[in-house]
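Tertiary structure, described
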Amino acid sequence: MSRLRSVPDPHPPSKELARGEIEPTIAELERWATVHRLDCVRMLAVAKSGHLDSSLSAADIVSALYNRVLRHDPENPAWHERDRFVLCKGHAAPIQYAALAHHGYFPHEDLQGLRKIGAPLQGHPDMNKTAGVEVSTGSLGQGLSMCVGIGLALRLDGLEDTAQVFGVLSDGDCQEGQTWEAATAAVHFGLRNITAIVDYNHLQTDGTTEQVMDIGDMRAKFEAFGWDSIQIDGHDMEAIVEALERSRTLDRPAAIIAQTKKGRGVSFMEGRFGFHGKPPSPEQAVEALEELEARLEEQTAALQQEAE
Amino acid sequence: MAGKAEPGATRNAYGAALVELGEAHEDVVALDADLSVSTQSAKFGAAFPERFFNVGAAEANMMSMACGLAATGKRPYASTFAIFATGRAYDQIRLGIAHNELPVKICASHGGVSLGEDGASHQMIEDIALMRVMPNMSVVVPADYNQAYRATIDSYESEEPQYLRFGRPATPVVYEDVPETLGTGVDVLREGSDISLIATGHMVWRALEAAESLEAEDGIEAEVVNVSIIKPIHSESILETLAKTGVAVTAEEHRVVGGLSDAVRQVAAEQHPVPIFAVGMGDEFGISGTGEACMEHFGLTARGIADRAREALLLKPIVSHPPLFGPDWTSAP
């Protein structure tokens, strides 16, 4: 089972990177997305519980945020002027944990304890148990409202133009009415420090979103609520980074509808129904790890070649 | 502090005290859901418009916003009617505020049936139970204007989530001045040895009236106890009065399940079982009428308390036993 042990990436991000003093390349961000995906598979295989496919669909977005866009300081998680990251779709906690461990918010071996009794990594993010988690989430629909509250507090503190609040939402979040209460409020209060990224993977517990409850054209909906709203390929790293950076510069709240595939990066899972909330079997875990390890090897080699 | 000498609504005390908190502390922010004139948070809004957020009819959004504000260092006071605060936004309070142990103060007005005419849809009679059962949440129900003022001011000192219940109608003076403190949250307002009348909120002044009529009509010496902090309830103070009288009637403008009566009974059942009877709302919803008519209709009156006390006294055990085990509460200060 040593294959399932999460180990720190031999090419971890530097502190200068977290502070925004160095900008990683798109290829580096893509490679780290693979690193995070690997950690998710290992975590879930050990935990035998959790939401793997939901974590994988958000991996590229989370890598872009934690490894490039977010201004944060892992050595001082409470740094008041930091950007805020809210995982509105709290069930994708493993992908956030992977990124937090990657940056040293807690020891990498803590990933092994996901969902285990007495361990710090809860099934859904818990602000009082896990360093780097801004607010506890897990009940869909509440996250964007929390982002609005955080955005207002930062504005009162005069940080509106420097500290951005990034919320990652799921399809399910957008089925909850509260998300639209929050979308209305963000515009009413004139917030320009909120970025909502919808990880639109079109699959939920009971089927496709189109079958269960079609949320339709999310870009048009956010636009109708007064947001700056764009749609991108949620696995195109360049597009993700550009959209996130652009969202900081706007005079309105920004919605980024990221078209994604659930289970992205693991072929047998990608875009397929039936994996929500199901941990991989030992055989599936091995298959997933083999595919991701092969990709990581390619990505690492390509980066080394470029460096030489 | 000199208090209000004439009847006043507890919600008005909240509105006035909130402005004082706003003046004293820059991190105080307030939220409301389109009921700010009724809840009185509008006074804060007029004084500190940049720190006041009216979210419109969107209580769920308000509670989660309060979570975000508190997580970023602010001290939010979130107000609306008790029904919408605790009923509609239960899950938002639960995860975002109570579970996170954030210092959000949920200041709900129009608790109980005394709001009157709006009827059952608005008369919240389960809020104390809902907030009491929620981990990490404390529950404060002041008895009059002056105590409500103190409860609001003191809430800032607590880093914990709190539910404060205020009411619509003007309430007779129970505390002549704004008290220095809520203390243990259990105040003996009148001493007596025959029966304990343990009341909260709008039922406290009625319990005092009931005690007077019991004395005048039947020579019964009733002890009147105001419980302003229902959770965590101060067990020693409750045990002290139960031990002294051996029988009690609780009185609350709330369901007799899950509220003050159950809090008192829980203490008694574990450490000093004595008969405890409840005045409150049975298994039914409120109805339209003037606030006072609604209180009359459901027996939430001084008369109702006194009648229940007479029944209770018939069942008072002839011999009162001291507790068999437990802390040495009789010598507690």
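Residues numbered from 1 in each chain as written. Chains lettered and ligands numbered in written order. Predicted model: local features only at pLDDT ≥ 70, side-chain atom pairs only at ≥ 80, totals over all residues.

1. Brief notes about the overall build of chain B
When helices and strands are counted, chain B shows 13 helices and 14 strands. The C-alpha radius of gyration of chain B comes to 19 Å, within 12% of the 20 Å expected for a compact globule of 333 residues. The dimensions of chain B, computed from C-alpha atoms along their principal axes, are 60 × 45 × 40 Å. Out of the 333 residues belonging to chain B, those deemed buried represent 61%. For chain B, restricting intrachain contacts to residue pairs at least 6 apart in sequence, the fraction spanning at least 24 positions comes to 80%. (Helix = DSSP H or I, 4+ residues; strand = E, 2+ residues; numbered from the N terminus. Rg over C-alpha atoms; globule rule 2.2 N^0.38 Å. Buried ≥ 20, exposed ≤ 12 C-beta atoms within 10 Å, placed from the backbone. Contact = placed C-beta atoms within 7 Å.)

2. Some remarks on the domain arrangement of chain B
All names here are of chain B. The domain architecture assigned to chain B consists of domain 1 (8-171) and domain 2 (186-314). The centre of domain 1, based on its C-alpha atoms, is set 25 Å off from the matching centre of domain 2. The partner domain 2 presents 29 residues to the 30 residues of domain 1 that form the contact. In terms of residues, the side of domain 1 that touches domain 2 owes the most to one element, helix α7 (residues 127-133), which gives four residues. When the residues that make up the side of domain 1 that touches domain 2 are grouped by side-chain class, the tally is 14 nonpolar, ten polar and six charged. (Domains from an automatic or database assignment. Nonpolar A, V, L, I, M, F, W, Y, C, P; charged D, E, K, R; others polar.)

3. Digging into the nonpolar core
Ranked by internal contacts, the top residues of the largest apolar core, which has 198 residues, are A66(B), L197(B), A207(B) and A309(B). With twelve residues, helix α2 (residues 26-47) of chain A is the largest single contributor of residues to this core. Apart from the residues within four sequence positions on either side, L197(B) is in contact with A207(B), A210(B), A211(B), A222(B), E223(B), V224(B), V225(B), V249(B), A251(B), I305(B) and A309(B). (Core = buried A, V, L, I, M, F, W, Y, C linked by C-beta atoms within 7 Å.)

4. Remarks on helix α4 (residues 59-71) of chain B
Residues and elements named next belong to chain B. With 13 residues, α4 extends 18 Å between its outermost C-alpha atoms, agreeing within 8% with the 18 Å of an ideal straight helix rising 1.5 Å per residue. Of all 13 residues making up α4, 13 are buried, and the element is well covered by its neighbours. Of the residues flanking the end of α4, it is G73, one or two places downstream, whose phi is positive at about 100°. (Expected span 1.5 Å × (residues − 1).)

5. Brief notes about the packing of helix α6 (residues 143-156) of chain A against helix α8 (residues 177-188) of chain A
All names here are of chain A. Two numbers describe how α6 lies on α8: the axes approach to 7 Å, and their chain directions differ by 25°. Classified by the interaxial angle, the pair formed by α6 and α8 is roughly parallel. Between α6 and α8 the crossing geometry is left-handed. Residues L144, S145 and V148 of α6 form the contact with α8, whose participating residues are Q178, T179, E181, A182, A183, A185 and A186. The residue inventory of the contact of α6 with α8, partitioned by class, reads six nonpolar, three polar and one charged. (Axes fitted to C-alpha atoms, helices over the stretch in contact; angles between N-to-C directions. Parallel < 35°, antiparallel > 145°, perpendicular 65-115°, else oblique. Left-handed = near helix turned anticlockwise from the far one by under 90°.)

6. A short note on the interface of chain B and chain A
For interface size, the figure often reported is the accessible area lost on association. With 23 residues of chain B in contact, the opposing surface of chain A contributes 23 residues. Taken together, the elements giving at least two residues each to the side of chain B that touches chain A come down to α4 and α6 (90-99) of chain B. The element contributing the most residues to the side of chain B that touches chain A is α4(B), with nine residues. Of the residues that constitute the side of chain B that touches chain A, the class distribution is ten nonpolar, nine polar and four charged.

7. What to know about the sheet that holds strand β2 (residues 28-32) of chain B
Residue and element names in this part refer to chain B. Taken in spatial order, the seven strands line up as β3-β2-β4-β5-β7-β6-β12 in an open sheet, and their pairing is mixed. Pairing within the sheet leaves two strands with one partner each, and these edge strands are β3 (52-54) and β12 (229-231). Taken over all neighbouring pairs, the strand axes of this sheet differ in orientation by 20° on average, direction set aside. (Pairing = 2+ DSSP bridges.)

8. Observations concerning the confidence of the model for chain B
Residue and element names in this part refer to chain B. Of the residues in chain B, 94% reach a pLDDT of 70 or more, and the chain-wide mean stands at 94. Here residues 323-327 is modelled with pLDDT under 50, and outside its nearest four sequence neighbours on either side it reaches three contacts, counting other chains as well. For residues 329-333, every residue scores under 50 in pLDDT, and the model assigns this stretch six contacts once sequence neighbours within four places are set aside. Under the prediction, the complex receives an ipTM of 0.94, its pTM being 0.94. (pLDDT = per-residue confidence, 0-100.)

9. What about the sheet that holds strand β6 (residues 228-233) of chain A?
Residues and elements named next belong to chain A. With parallel pairing, five strands are arranged side by side in an open sheet as β1-β2-β3-β7-β6. Only two strands of the sheet have a single neighbouring strand rather than two, namely β1 (84-86) and β6. This sheet shows a mean twist of 20° between the axes of neighbouring strands, independent of strand direction. Sitting on the sheet, helix α11 (residues 237-248) is in contact with β3 (194-200), β6 and β7 (254-259), with an inclination near 165° to β6.

10. Some words on the packing of helix α10 (residues 235-245) of chain B against helix α11 (residues 260-271) of chain B
Residue and element names in this part refer to chain B. The interhelical angle for the contact between α10 and α11, taken along N-to-C directions, is 70°, at an axis separation of 10 Å. The orientation of α10 with respect to α11, classified from their angle, is roughly perpendicular. Facing S235, I238, L239 and L242 of α10, the residues of α11 in contact are V264, V267, A268 and Q271. Here the residues of the contact of α10 with α11 are counted per class, giving six nonpolar, two polar and no charged.

11. Things to note about unusual backbone geometry
For the bond from K231(B) to P232(B), the omega torsion is -5°, close enough to zero to count as cis. Counting through the fold element by element, P232(B) comes out in the loop between β12 and α10. Despite not being glycine, K48(A) shows a phi value in the positive range, around 55°. You can see K48(A) is positioned in the loop between α2 and α3 (52-57). For K48(A), a count of 13 C-beta atoms within 10 Å gives the class partly exposed. Phi at D34(B) is positive, roughly 65°, even though this residue is not glycine. Relative to the helices and strands, D34(B) is located in the loop between β2 and α2 (36-39).

12. Points about the environment of T72(B)
Relative to the helices and strands, T72(B) resides in the loop between α4 and β4 (75-81). When the C-alpha atoms of T72(B) and H110(B) are compared, they prove to be 30 Å apart, with 38 residues separating the residues in sequence. The residues contacting T72(B), other than those within four sequence positions of it, are I150(A), A153(A) and L154(A).

13. Let's talk about the environment of R310(B)
Residue and element names in this part refer to chain B. Mapped onto the fold, R310 is located in helix α13 (residues 302-315). Residue R310 is classed as partly exposed on the basis of its C-beta count, with 14 C-beta atoms lying within 10 Å. With 155 residues separating them along the chain, R310 and S155 place their C-alpha atoms 37 Å apart.

14. A short note on the pairing of β4(B)
All names here are of chain B. Most of β4 is tucked away: seven of the seven residues are buried. Relative to β4, β2 is paired through five bridges, and the arrangement is parallel. Looking at the pairing, A30 lines up with Y77 of β4. In this structure, β4 lies alongside strand β5 (residues 105-109), joined through five bridges in parallel fashion. Looking at the pairing, T80 lines up with A108 of β5.

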